[in-house]
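Residue strings, one per chain:
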Amino acid sequence: MTTRIMTVAAMVAIALPLHAQSDLLDRAVAKYEQTTTARADFKQTLTNPLTGSTSITRGVLLRRAPNLLSVRFDGADGDRLVADGTSLWIYSPMSAPGQVIKLPNSGGAMNNVDPGSQFLVSPRTKYSIKALGTERVGARTTQMFQLVPKRQSQFTKAIVWIDASDASVRKFETTDANGLKRVVEILSWKPNIVIPKSAFRFVPPAGSRIVDQGALTGAR
């Protein structure tokens, strides 16, 4: 999977009280469960220690419960990731020209690429959680939470910044086993808006080779 489909403000000296920290995470989980649709404009910074490179991209995420997702990166050759309810499509023209990967959208496939599902669906079951303190993200005060997976995961550690006022995720950071660090800042967040189902349709570009993982594994 493409590595693209994946300085902080000064720390505030005094963190939220312990009970408020725990309540904030629970509020974020409840808010996510109550969000039927959402649009997020984001900025992603990807740092690869193996190559010493850093890339910054912007994009838009659309989500419609329970199983529709669209992530589009800016640019004429921008990556796309679309869960249409049946299949999960991955299109990365820069890293895999002329190729589209098609996965069955089952068994948690979408949850592995949807940040909300990753961090806010049963987090206490999936992660060892530690509150790290408060920090400003833009004009918002947030509480930082460190999430360390209890089982094998796509990342070894994550940090999530949750808005202390409205319990929305304002930023997250993941680090994988190779040290690849992904930092995503939510530039704007619009929950429960009208998003047509057509926004989650993906048509492979003409002439693309479709790699159907479901057909290869018999999981269709």
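Structural notes, computed from the coordinates. All of these numbers come straight from a predicted model, not from anything done at the bench. Note that residues are indexed from 1 along each chain, following the sequence as it is written. In keeping with the model being predicted, local features are shown solely for residues with a pLDDT of at least 70 and side-chain atom pairs are shown and tallied solely at 80 or more, while totals for entire chains, interfaces and linings include all residues. Water and hydrogen atoms play no part in the side-chain values, which are based on all heavy atoms of the structure.

Things to note about the overall build of the protein
Logical step 1: Only DSSP runs of H or I covering at least 4 residues are called helices, and only runs of E covering at least 2 are called strands; the numbering of each starts at the N terminus. From N to C terminus, the protein includes four helices and twelve strands.
Logical step 2: Counting every position in the protein, which comprises 220 residues, the buried fraction comes to 45%.
Logical step 3: Surface accessibility in these figures is a Shrake-Rupley result with a 1.4 Å probe; residues are shielded only by whichever protein chains are displayed. Roughly 11400 Å² of accessible area belongs to the protein as shown, and the carbon and sulfur atoms make up 53% of that amount. Residue burial is assigned from relative accessible area. The probe radius is 1.4 Å, only protein chains are included, and a residue is buried under 20% of its type maximum, exposed over 50%, and partly exposed in between.

Some thoughts on the sheet that holds strand S12 (residues 209-212)
Logical step 1: A sheet is described by the order of its strands in space; here twelve strands give the open sequence S7-S8-S9-S10-S11-S1-S2-S3-S4-S5-S6-S12, paired in mixed fashion. Strands with a single pairing partner mark the edges of an open sheet, and in this sheet they are strand S7 (127-137) and S12. Between one strand axis and the next, the sheet turns by 20 degrees as a mean value, whatever way the strands run. If DSSP finds at least two bridges between two strands, the strands pair. To get an axis, fit a line to the C-alpha atoms, keeping to the stretch in contact for a helix; angles then go from 0 to 180 degrees between the N-to-C directions.

As for the environment of Ser168
Logical step 1: By the element assignment, Ser168 lies in the loop between strand S9 (157-163) and strand S10 (169-175).
Logical step 2: Assessed through its relative accessible area of 4%, Ser168 is described here as buried.
Logical step 3: Sequence separation of Ser168 and Arg27 is 141 residues, and the distance between their C-alpha atoms is 8.8 Å.
Logical step 4: By definition, residues are in contact when any of their heavy atoms lie within 4.5 Å. With residues near it in sequence (within four places) discarded, Ser168 still touches Lys31, Trp161, Ile162, Asp163 and Trp189.
Logical step 5: Separated by 3.2 Å, the side chains of Ser168 and Arg170 make a polar contact. Any pair of N or O atoms that falls within 3.5 Å is considered a polar contact. Within protein, one atom must be able to donate a hydrogen and the other to accept it, and sequence-neighbouring residues count only if both atoms are side-chain atoms.

Points about unusual backbone geometry
Logical step 1: Residue Pro66 is reached from Ala65 by a cis peptide bond, and omega for that bond is 5 degrees.
Logical step 2: Take Pro66: it is sitting in the loop between strand S2 (53-64) and strand S3 (68-73).
Logical step 3: Backbone geometry places Ala167, a non-glycine residue, at a positive phi of 65 degrees.
Logical step 4: By the element assignment, Ala167 lies in the loop between S9 and S10.
Logical step 5: Located in the positive-phi region is Asn192, a residue other than glycine, with phi close to 55 degrees.
Logical step 6: Structurally, Asn192 is set in the loop between strand S11 (181-191) and S12.
Logical step 7: What makes Asn192 partly exposed here is its relative accessible area of 45%.

Concerning the packing of aromatic side chains
Logical step 1: Each aromatic pair joins two rings of Phe, Tyr and Trp (for Trp, the six-membered one) with centres within 6.5 Å, and gets the label stacked for planes under 30 degrees apart, edge-to-face for over 60, and tilted for any other angle. In the structure shown here, the tally under the stated rule is six aromatic pairs.
Logical step 2: Ring geometry for Phe42 versus Phe73: centroids 5.5 Å apart, planes at 85 degrees, classification edge-to-face. Linking Phe42 in strand S1 (residues 37-48) with Phe73 in strand S3, this pair joins segments that are 31 residues apart in sequence. For the pair shown, Phe42 and Phe73 are each scored as buried.
Logical step 3: Ring pairs connect the aromatic residues Phe119, Tyr127, Phe155 and Phe172, which therefore count as one cluster.
Logical step 4: Note on geometry: a ring has a charge over it if NZ (lysine) or CZ (arginine) is within 6 Å of the ring centre and within 35 degrees of the ring normal. Cation over ring: Lys171 sits above Trp161, and NZ or CZ is 4.7 Å from the ring centre.

No statement about biological role is implied by the geometric values presented.
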